[in-house]
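# Descriptive analysis of the structure
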Amino acid sequence: MRDKLRKSYQVQKEVTRNGCFEGEISLAETKRLGELLQGSEADRKGRKIAVSFEFSRNECGIPMIIGRLETSLELECQRCLKALELPLKLDFKLMIDASDEIVSNSDMDTIYSNDGYVDIIELVEEELLLAIPLVATHDDTACNEDWNAGHAESEATARENPFAVLQQLKTTD
Ligand SMILES: [Zn+2]
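So, here's what we can say about the structure. (Residues numbered from 1 in each chain as written. Predicted model: local features only at pLDDT ≥ 70, side-chain atom pairs only at ≥ 80, totals over all residues.)

On to the overall build of the protein chain. The secondary structure content of the protein chain amounts to six helices and eight strands. Scanning the protein chain from its N terminus toward the C terminus, one meets helices and strands in the order β-β-α-β-α-α-β-β-β-α-β-β-α-α. Looking at the protein chain as a whole, 19% of its 173 residues are labelled buried. (Helix = DSSP H or I, 4+ residues; strand = E, 2+ residues; numbered from the N terminus. Buried ≥ 20, exposed ≤ 12 C-beta atoms within 10 Å, placed from the backbone.)

Okay, here's the thing in structure tokens:
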């Protein structure tokens, strides 16, 4: 049975007792992420991020936090500027307060505690910020007809080029 989610965790204590937690975070609590999202604040308040995670240690005794999160974000499609729903499901596995040396010899990243405490909302927000594509677009490339028309035109010009070259060869002949 996992304990109910709260905001802040004392790392040493939770690692020792192998604390397991699950719960939901409202998207409205993720301020930095919120700025990148479409939709009203009311919409963001209604949206949840489902989170479950546990504390443990790796084979070198470094504290770790391992978990997964699931949510759906509303972004802006950069092709048609309309809303784009992005469902996200991701796993995270992070060391806590590992030294630079350990991090460079490991395939795992580290987070840093704040005086021995870890804030789960900050962690989740960071993971989501990393997961959001820099340029989000709908899968359907026809979501903006104007954009497509522009592309078709440039492709047509590109196709004309070989003929232009042939034409030049003919005239120099
Ligand atoms: Zn679009």
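Membership of the largest hydrophobic core comes to 24 residues, with the highest contact counts inside it found for I49, V51, I65, I96, V118, I120 and V124. Secondary structure elements with two or more residues in this core: helix 1 (11-16), strand 4 (48-57), strand 5 (63-76), strand 6 (83-96) and helix 5 (120-131). Aside from chain neighbours lying at most four places away, what touches I96 is V11, P63, M64, I65, T110, I111, S113 and V118. (Core = buried A, V, L, I, M, F, W, Y, C linked by C-beta atoms within 7 Å. Contact = placed C-beta atoms within 7 Å.)

In space, the six strands of this open sheet follow the order 1-3-4-5-6-7, with mixed pairing throughout. Of all the strands in the sheet, the pair left with one neighbour each is strand 1 (3-4) and strand 7 (109-111). Sheet analysis places strand 4 next to strand 5, joined by eight bridges and oriented antiparallel. Following the sheet pairing, S52 is matched in strand 5 by R68. (Pairing = 2+ DSSP bridges.)

Once that is clear, we can look at the pairing of strand 6. In this sheet, strand 6 lies alongside strand 5 in antiparallel orientation, the contact comprising 13 bridges. Looking at strand 6, one finds that I66 is bridged to K93. The hairpin formed by strand 5 and strand 6 contains six residues between the paired strands, and L81 there has a positive phi angle of roughly 60°. In this structure, strand 6 lies alongside strand 7, joined through three bridges in parallel fashion. Within strand 7, the residue paired with I96 across the bridge is I111.

The pairing of strand 1 with strand 3 (residues 20-26) spans two bridges and is classified as parallel. Bridge pairing in strand 3 links D3 to F21.

Helix length check: helix 5 (12 residues) gives 17 Å between terminal C-alpha atoms against 16 Å at 1.5 Å per residue, within 8%. Taken together, the buried positions of helix 5 are I120, L123, V124, E125, E127 and L128. (Expected span 1.5 Å × (residues − 1).)

Non-glycine residue N18 carries a positive phi angle of around 50°. Within the chain, D97 stands out as a residue other than glycine whose phi angle is a positive 55°. Within the element layout of this structure, D97 appears in the loop between strand 6 and helix 4 (100-104).

Before going further, it helps to spend a moment on the environment of D43. Within the fold, D43 resides in helix 3 (residues 41-46). Once the C-alpha coordinates of D43 and E74 are considered, the two residues, 31 residues apart in sequence, prove to be 9.4 Å apart.

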